[in-house]
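Examining the three-dimensional arrangement
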Amino acid sequence: RGKVESEVSELVDDLRKMMMPYTALNLQDDPKNRKLTLSVYAKHLAMPMGVSHVLAFSQREDRVQLRLGRIPEGPTMSFRVERFSLAKHVRAIQRRPYNSGTGQQLFAHPPIVVTNNFGDAVNNSSAPGGATATTPSPPHIKLMRISFQNMFPAINVATVKLAECRRVVLFQYHPENELVEIRHYAIKATPVGVNKKVRRLVQTKIPNLRRLDDIADYITGTTETGDVAPSASTTASASASGAVSDSEAEDETSHVVLSQKYAGRGNNQQQKSALKLMELGPRLALRLIKVERGLGGGDVMYHALVQKTPEEARALKARKEREAQLKTQRRQTQEQNVERKRKAKEEKLERKRQRKEAREEEAMAELRKGTVVSPLPHDDDDDDDGGIQTKTRQSKRFCAERSRKKNRRNAHIQMRRPSFFEKQR
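These figures come from a predicted structure and were not determined experimentally.

Okay, the side chain of histidine 184 next. Turning to its location among the elements, histidine 184 is positioned in strand E8 (residues 179-191). Here glycine 281 takes part through its backbone oxygen, which lies 3.0 Å from a polar atom of the side chain of histidine 184.

Assignment of secondary structure puts glutamine 94 in the loop between helix H3 (87-93) and strand E4 (112-116). Along the backbone, glutamine 94 and leucine 280 are 186 residues apart, and their C-alpha atoms lie at a distance of 10.0 Å. Within the structure, the side chain of glutamine 94 is placed 2.8 Å from the backbone oxygen of glutamate 279, a separation counted as a polar contact.

Attention shifts here to the nonpolar core. Core analysis: the largest hydrophobic core is formed by 30 residues, its most contacted members being Phe57, Met77, Phe79, Phe118, Met144, Phe148 and Leu286. Residue assignment for this core shows that the elements contributing at least two residues are helix H1 (6-18), strand E2 (64-70), strand E3 (76-85), helix H4 (139-150), strand E7 (167-174), E8 and strand E11 (283-292). Once residues within four sequence positions are removed from consideration, phenylalanine 118 is found in contact with Ser137, Ile141, Met144, Arg145, Phe148, Phe171, Gln172, Tyr173 and Val180.

Scanning the entire structure with this criterion turns up 4 aromatic pairs. Ring geometry for phenylalanine 118 versus phenylalanine 148: centroids 6.1 Å apart, planes at 75°, classification edge-to-face. Pair noted here: phenylalanine 118 is in the loop between E4 and strand E5 (121-123) and phenylalanine 148 is in helix H4, with a separation of 30 residues, a long-range link. Phenylalanine 118 sits in the buried class, given a relative accessible area of 1%. Between phenylalanine 148 and phenylalanine 171, the ring centres sit 4.5 Å apart and the planes meet at 5°, which makes this aromatic pair stacked. Remark: phenylalanine 171 occurs in strand E7 and phenylalanine 148 occurs in helix H4; sequence separation between them is 23 residues. Taking relative accessible area as the criterion, phenylalanine 148 reaches 3% and is therefore assigned buried.

Quick look at unusual backbone geometry now. A negative phi holds for most residues other than glycine; trans holds for most peptide bonds. Backbone torsion omega between methionine 20 and proline 21 reads 5°, so that peptide bond is classified as cis. Along the chain, proline 21 falls in the loop between H1 and helix H2 (38-46). In this structure, asparagine 117 is a non-glycine residue whose phi angle is positive, near 70°. Along the chain, asparagine 117 falls in the loop between E4 and E5. Since its relative accessible area comes to 40%, asparagine 117 is described here as partly exposed.

The next point concerns a positive patch on the surface. A surface patch of like charges, here positive, comprises Lys348, Arg351, Lys352, Arg355, Lys356 and Arg359. Looking at the element boundaries, arginine 359 is found in helix H8 (residues 310-369).

Attention now goes to H4. Look at H4: 16 Å from first C-alpha to last across 12 residues, which is about the 16 Å you get at 1.5 Å a residue. Buried within H4 are the following residues: His140, Ile141, Leu143, Met144, Ser147 and Phe148. Burial along H4 is one-sided: seen end-on, the buried residues are contained in an arc of 160°.

Turning our eyes to something else, we now look at a negative patch on the surface. Residues Glu360, Glu361, Glu362 and Glu366 make up a contiguous surface patch of negative charge. Topologically, glutamate 366 is positioned in helix H8.

Before going further, it helps to examine the pattern of salt bridges. As enumerated under the stated definition, the model contains 15 salt bridges in all. When the shortest N-O distance is used, the salt bridge between glutamate 279 and arginine 283 registers 2.6 Å. Among the ionic pairs, lysine 290 bridges to glutamate 292, the shortest N-O distance being 3.6 Å. The partly exposed category is assigned to lysine 290, whose relative accessible area is 24%. Taking relative accessible area as the criterion, glutamate 292 reaches 9% and is therefore assigned buried. A cluster of three or more residues bridged by salt bridges with shared partners is formed by Arg83, Glu181, Arg183, Glu279 and Arg283.

Parameters and conventions
- Residues numbered from 1 in each chain as written.
- Predicted model: local features only at pLDDT ≥ 70, side-chain atom pairs only at ≥ 80, totals over all residues.
- Heavy atoms only, no water.
- Helix = DSSP H or I, 4+ residues; strand = E, 2+ residues; numbered from the N terminus.
- Polar contact = N/O pair within 3.5 Å; in protein donor to acceptor, adjacent residues only side chain to side chain.
- Core = buried A, V, L, I, M, F, W, Y, C linked by side-chain atoms within 4.5 Å.
- Buried < 20%, exposed > 50% of the residue type's maximum accessible area, 1.4 Å probe, protein only.
- Contact = heavy atoms within 4.5 Å.
- Phe/Tyr/Trp six-rings, centres within 6.5 Å; stacked < 30°, edge-to-face > 60°.
- Patch = residues over 30% accessible without salt bridge, like charges linked within 9 Å, V, L, I, M, F, W, Y side chains within 5 Å.
- Areas by Shrake-Rupley, 256 points an atom, 1.4 Å probe, with all protein chains shown as cover.
- Salt bridge = Lys/Arg side-chain N within 4 Å of Asp/Glu carboxyl O.
- Lys, Arg positive; Asp, Glu negative; His and termini not counted.
- Charge placed at Lys NZ, Arg CZ, Asp CG, Glu CD.
- Expected span 1.5 Å × (residues − 1).
- Arc of directions from axis to C-beta.

So, in structure tokens, the structure goes:
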């Protein structure tokens, strides 16, 4: 909203891609609509398209702000973007970025939403006898968790297909500094318990084996005579010993048995694979500033910088109600004035029309008074046919006089009206 730097515009594009497929990836927003309020924008533009949430970025000289609103009734949460990284920056620092190809299959289904530290805090020391006790989370923390989860469609565990779970969006809350970290990952599955070179043959293209006599020399790293194979001189010891490669997760807790066939070669049903998260970007660090009850307005339910007593909150609410009531009264008065002026204008036009009709009737009456009616020749063949020829000298004289008056009036107006060149002189 408003004028922002190019990096903020790229961040909006990355967030749209993260929320695929239920987002307008190629939406071309009219710059005129960026000046509208959030409620008007959501009512006239977002609701007709079936949008459930709206994220509005705005930039000032020293900070970038994000407002997350639920359509159509709210609430609205205002965040301050402490720091962010674009998807291209995340890929630039990675040693082996995730290659999604065209990305159509990766972004064809919504991601899995994971929220961490938004629930009740566990305190081991407060309970007597060493028992664990839970501290309820503040309402604004629970509201953030619910809003983040509702931004994405829910997943039915009973009917979901394993091949559709390709991405993860993580929302991590840090109570010590009250920041919300957002991360976007792709899920990569790698077969476990298979030699590195065998897995390479399964997952990728067959390498160049022209310097070897047998494919067994490539897998074992040695020839039949016991010498080191030419193409496996650097990884002979690791391949021969069956050590875990750098691309395979060493943590056994990440090893799972696939209940269905998953994306990637070698990830068949009932196959043991290691799951690994590859970051896609973007990264965001958000700080919650304010929570409003309505969409872009209403009562302030939470404010991180301003703390008010209950009496001050009630006084502020009463003042806001009085201002809203006064605004409604002014609007009603304005509408009444507009309606009164419209009726007065219509009445004036009606009186003008009536005067015009009266003048026309008077002119026609004068014409009828001086009218001479002469019968037309009678038709012997048809007794019903007849006519009246109305041609009087008074009517001709009246029309000629009226035409002369009109010509004199037009000539008088033309004489008094200066031309364009006379005005310039």
